[in-house]
Each structure stands twice: as structure tokens, then as C-alpha cells.
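Below, each chain spelled out in residue letters.
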Amino acid sequence: GAVVSQHPSWVICKSGTSVKIECRSLDFQATTMFWYRQFPKQSLMLMATSNEGSKATYEQGVEKDKFLINHASLTLSTLTVTSAHPEDSSFYICSATVQHNEQFFGPGTRLTVL
Amino acid sequence: SQELEQSPQSLIVQEGKNLTINCTSSKTLYGLYWYKQKYGEGLIFLMMLQKGGEEKSHEKITAKLDEKKQQSSLHITASQPSHAGTYLCGATNAGGTSYGKLTFGQGTILTVHP
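Described below are features of the structure shown in this document.

The rules behind the values
- The numbering scheme is per chain: residues are counted from 1 as the chain's sequence reads.
- By the order in which they are written, chains take letters starting at A while ligands take numbers starting at 1.
- Side-chain atom pairs in this predicted model are given and counted only at pLDDT of 80 or more, local residue features only at pLDDT of at least 70, and totals for whole chains, interfaces and linings cover all residues.
- In computing side-chain values, all of the structure's heavy atoms are included and hydrogens and water are not.
- Elements are defined by DSSP. Helices are runs of H or I of four residues or more, strands are runs of E of two residues or more, and each kind is numbered from the N terminus.
- Whether two residues are in contact is decided by their heavy atoms, any of which lying within 4.5 Å being enough.
- Each accessible area is a Shrake-Rupley result for a 1.4 Å probe, and residues are judged covered by the shown protein chains and nothing else.
- Note: buried area is the sum, over both parts, of the accessible area (probe 1.4 Å) each one loses when the two are combined.
- Salt bridges are identified by distance alone: a Lys or Arg side-chain nitrogen within 4 Å of an Asp or Glu carboxyl oxygen.
- What qualifies as a polar contact is a pair of N or O atoms within 3.5 Å, subject to a donor-acceptor requirement within protein and to the restriction that residues adjacent in sequence count only when both atoms come from side chains.
- Under the convention adopted here, Pro, Cys and the residues Ala, Val, Leu, Ile, Met, Phe, Trp and Tyr are nonpolar, Asp, Glu, Lys and Arg are charged, and Gly plus all remaining residues are polar.
- Relative accessible area decides the class of each residue, using a 1.4 Å probe on protein chains only: under 20% of the type maximum gives buried, over 50% gives exposed, and in between gives partly exposed.
- By the convention used here, strands pair only if DSSP detects at least 2 bridges between them.

## Some words on the overall build of chain A
Piece 1. When helices and strands are tallied, chain A shows 0 helices and 11 strands.
Piece 2. Helices and strands in chain A line up, N terminus first, as β-β-β-β-β-β-β-β-β-β-β.
Piece 3. Each of the three principal axes of chain A carries a C-alpha extent, and together these read 35 × 25 × 20 Å.
Piece 4. Intrachain contacts of chain A at a sequence separation of at least 6 include 55% that bridge at least 24 residues.
Piece 5. Only carbon and sulfur atoms are counted for the fraction: they give 53% of the accessible area of chain A, which is about 5,600 Å².

## Overview of the interface of chain B and chain A
When the parts of a complex come together, some accessible area is lost, and that lost area is often taken as the interface size.
Piece 1. With 17 residues of chain B at the interface, the matching set in chain A holds 19 residues.
Piece 2. Interface of chain B and chain A: buried area, both sides summed, is about 1,400 Å²; carbon and sulfur atoms make up 58% of it.
Piece 3. The tally of links between chain B and chain A comes to 0 salt bridges.
Piece 4. Applying the counting rule to chain B against chain A returns 4 residue pairs in polar contact (both at pLDDT 80 or more).
Piece 5. Elements that contribute at least two residues to the side of chain B that touches chain A include exactly strand 4 (31–37), strand 5 (43–49) and strand 10 (102–104) of chain B.
Piece 6. Element by element, the count of residues in the side of chain B that touches chain A is highest for strand 4 of chain B, at 3 residues.
Piece 7. Class assignment of the residues belonging to the side of chain B that touches chain A gives a composition of 9 nonpolar, 6 polar and 2 charged.

## Concerning the environment of Leu-74 of chain A
Residues and elements named next belong to chain A.
Piece 1. Within the secondary structure layout, Leu-74 lies in the loop between strand 7 (67–73) and strand 8 (76–81).
Piece 2. In sequence terms Leu-74 and Gln-29 are 45 residues apart; their C-alpha atoms lie 5.1 Å from each other.
Piece 3. The residues touching Leu-74, leaving out its near neighbours within four places in the chain, are Ser-25, Phe-28, Gln-29, Ala-30, Thr-31, Met-33 and Glu-52.

## Focus on the environment of Lys-101 of chain B
All names here are of chain B.
Piece 1. Turning to its location among the elements, Lys-101 is positioned in the loop between strand 9 (85–92) and strand 10.
Piece 2. The buried category is assigned to Lys-101, whose relative accessible area is 15%.
Piece 3. Taking the C-alpha atoms as reference points, Lys-101 and Gln-50, separated by 51 residues in sequence, lie 15 Å from one another.

## Side note on the pattern of salt bridges
Residues and elements named next belong to chain A.
Piece 1. Following the criterion strictly, the structure yields 4 salt bridges over all chains and no others.
Piece 2. Note that Glu-22 and Arg-24 form a salt bridge whose closest N and O atoms lie 3.5 Å from each other.
Piece 3. By relative accessible area, which is 33% here, Arg-24 ends up partly exposed.
Piece 4. Residue Asp-88 pairs with Lys-66 through a salt bridge whose shortest N-O separation is 2.9 Å. Placement of Asp-88 in the loop between strand 8 and strand 9 (90–97) and of Lys-66 in the loop between strand 6 (57–58) and strand 7 is noted, with a sequence separation of 22 residues between them. The same class applies to Asp-88 as to Lys-66, namely buried.

## Thoughts on the pairing of strand 6 (residues 55–58) of chain B
For a regular strand, side-chain orientation follows a simple rule: the groups alternate between the two sheet faces.
Residue and element names in this part refer to chain B.
Piece 1. As paired strands, strand 6 and strand 7 (residues 61–65) are joined by 4 bridges and run antiparallel to one another. Within strand 7, the residue paired with His-58 across the bridge is Ile-61.
Piece 2. Hairpin remark: strand 6 followed by strand 7, antiparallel, with 2 residues in the connecting loop; positive phi at Glu-59, about 55 degrees.

## Describing the side chain of Ser-77 of chain A
Residues and elements named next belong to chain A.
Piece 1. Within the secondary structure, Ser-77 sits in strand 8.
Piece 2. A polar contact is formed between the side chain of Ser-77 and the side chain of Trp-35, at a distance of 3.0 Å.
Piece 3. Setting aside chain neighbours within four positions, we find Ser-77 in contact with Ile-21, Glu-22, Cys-23, Met-33, Trp-35, Ser-50, Ile-69, Asn-70 and His-71.

## Points about the side chain of Gln-6 of chain A
All names here are of chain A.
Piece 1. Of note, Gln-6 is situated in strand 1 (residues 4–7).
Piece 2. The buried category is assigned to Gln-6, whose relative accessible area is 9%.
Piece 3. Within the structure, the side chain of Gln-6 is placed 3.0 Å from the backbone oxygen of Tyr-92, a separation counted as a polar contact.
Piece 4. Residues within four places of Gln-6 in sequence aside, it is in contact with Ile-21, Glu-22, Cys-23, Trp-35, Tyr-92, Ile-93, Cys-94, Gly-106, Pro-107, Gly-108 and Thr-109.

Coordinates in, geometry out; function isn't part of it.
Shown next as C-alpha cells:
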């Protein structure tokens, strides 16, 4: 099946710094990538929808200036958490899809902000 | 927005027992997905259902979607410790700006005792 990778798998950073997370579709071209956030013992919450070559669409309550999304190619989307704070600590998961069929999920990135 | 309610929230069974997890939607489902997640890891796709009355099986796991397309169940036969994890149902809407987005239930934590 289709494989989606994320890098890094975990990151620890100081408060106020920015962190970039990459999401790659390894063996297929993804028309759309989605970014989710998952807090401990909670379900996944969609943050934004990313289409190659266009601006991301953010869900209500998600700050677009804080969570910058760039979808430079059909195989790569990046999420940058700017000026991270401890409350941004979470598990970030991306998914990739072709023509809105099955979504393939990455392994996730655990972000800890000190 | 669409809401998904999963039940039970957690389940502890003895190895070899059968179990069922339910997922109920407040709206008619367009696509219903079942995923499994191990703690701190990404989502593993299990099955997707789209048609009312549809039923799919893979190994010892069977998923069904009711005729009204508002309720789905996931049934595991003769459970094994390897089935342990969190099971998530996710649903997509038919169109509009929500097209392709997945909304998730809160998850069901399954523990299987050997």
C-alpha cells in the first residue's frame, strides 16, 4: 500500500522557537494532504487541508499565522509551528490522499515544547 | 459539522472472545473509515465502507454500515493480544467545502488479556 513518512518522528524545542515537520508521500502523488493534531488520550482533530500549489485551508480555531503550511509538490507538505509554546506540545499526524479516496496516514511527529 | 460517537470508550476482553465496537453519526455518512492506532504511532487503515448495508471482512475483523448509513460496527472474532490498540472511526462528507475531510470519533481503547 501507499506509504507516507513524517520527519522528524519526535522533536523537543525551547519555547519561542519554530519547528518544521515534513510529510512525504513516498510512492504516490498526493493531490491533498491533511494535518491533524492529537492530544494525549484524545482523538485526532483536523487542523488544515493542504493542496499542492495553493494556500492551505484552516479549520476554525486554528491560527494560520502560527501553523504555517507549505505544499510545494505533490509529494511534500510541511507544517511549521512558529514561536512554539508548551501548549503546542502534541502529536502531529499528516495524511495524504489521491482524489479524496482513502487517506494514508504518516507515523506522526511528537512535539514537546519546553 | 458531523459528529461521531463511538462506544464503548474502552473495552477489556479475554483472548479468544468476540467483541463489537460501534460508531454512530449525527448525519448520513458518505464514507466511513475504520483505523487502528497503537499509542504514539500513526493510523493503520482497516476498512472503508460507502454503501448502505455494506459489509467487509479482513482476517478476523468485520465492519458493517447500516442501510441508513448512520451507524457502523466493527466486530473482532476470537480476539488476540495483537488486536489491542485504539480503534477510530472516521467519516467524510459528501461534498462542499468539507469534501474529503475526515472527522474522527473519540476512539475505543481495546485491551486483550492473554
